[in-house]
Amino acid sequence: SKDEFVASISHELRTPLTVVAGMVDELNEHWQDFTADEVDDLLGHVVEESRDMQDLIEDLLVAARADIGTVSIAPESVAVREAVDSVVAGLTRRPTQELTVGGGGELAEADPVRLRQIMRNLVSNAIRYGGDHIDVGIVRENGHIHVTVKDDGSGIPEGQWESVFEPYARAHDTGEQPNSVGLGLSVSRKLARLMGGDLRYRHEDGSVFDLSLPAANSEGEPAHH
């Protein structure tokens, strides 16, 4: 299984790295032959693929640290809607996909870097495997902030609702990325629980991932420790 894991990581990192190396090589060799718009387009792809690599490496680091209990969490009062909006703005959807964000003004007690990491995983997952309509909702309930990511795809078979949170598991047989490491959901649940929250899945006219985090407090001020 270790050999399979190493092969999976190599595959996942090689894919974006090949794109980045190819485009940078083209720019280096033929910079003067490209128009300003073409340069902008190529650099945009380089940035996007580099972010994908960065996100995967961060997930791998968390997965490794979570096993030995050294993941650092620095909770503070975070404006959830702002964190969600910044993540959504940086992700590329399929042309047919529509993504909406509802709710806002809620403050959670969370590590802002880890919150964005979880949201990147959840929204990327919906973009990759979900239907054409993705809806992110933010509500406050019983002292917790719930961020739900819903899509109208076929969803996950009921017997696999928990297993998708196991490292290296994949419930979606799309034929894409057959060697996918499948760490994103596992890492996201670990991070949510380290911050005093949780991450769960349910089926409700499609897939719903429900992230809960402690609310800052009822007055909207940061919780005092």
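So, here is what we can say about the structure in this document. (Residues numbered from 1 in each chain as written. Predicted model: local features only at pLDDT ≥ 70, side-chain atom pairs only at ≥ 80, totals over all residues. Heavy atoms only, no water.)

### Structural notes on the pattern of salt bridges
Under the counting rule described, the total for this entry stands at 9 salt bridges. Among the ionic pairs, Arg81 bridges to Asp85, the shortest N-O distance being 3.1 Å. With Arg81 and Asp85 both in helix 3 (residues 80-89) and 4 residues apart, this pair spans about one turn of that helix. When its relative accessible area of 28% is taken as the criterion, Arg81 is described as partly exposed. Relative accessible area serves as the criterion here: at 32%, Asp85 is assigned to the partly exposed category. Measuring nitrogen to oxygen at the nearest pair gives 3.0 Å for the salt bridge that ties Arg202 to Glu204. For Arg202, a relative accessible area of 29% puts it in the partly exposed group. For Glu204, a relative accessible area of 39% puts it in the partly exposed group. Counted as one network, the salt bridges with shared partners bring together Lys150, Arg202, Glu204 and Asp210. (Salt bridge = Lys/Arg side-chain N within 4 Å of Asp/Glu carboxyl O. Helix = DSSP H or I, 4+ residues; strand = E, 2+ residues; numbered from the N terminus. Buried < 20%, exposed > 50% of the residue type's maximum accessible area, 1.4 Å probe, protein only.)

### Concerning the packing of helix 2 (residues 36-68) against helix 4 (residues 112-129)
Look at helix 2 against helix 4: their axes get within 11 Å of each other, and the N-to-C directions meet at 115°. One element, helix 2, and the other, helix 4, form an angle in the roughly perpendicular class. When you trace helix 2 past helix 4, the crossing you get is left-handed. Together, Asp55, Glu58, Asp59, Val62 and Arg65 of helix 2 and Arg114, Gln117, Arg120 and Asn121 of helix 4 make up the contact between the two elements. Residue composition of the contact of helix 2 with helix 4, by class: 1 nonpolar, 2 polar and 6 charged. (Axes fitted to C-alpha atoms, helices over the stretch in contact; angles between N-to-C directions. Parallel < 35°, antiparallel > 145°, perpendicular 65-115°, else oblique. Left-handed = near helix turned anticlockwise from the far one by under 90°. Contact = heavy atoms within 4.5 Å. Nonpolar A, V, L, I, M, F, W, Y, C, P; charged D, E, K, R; others polar.)

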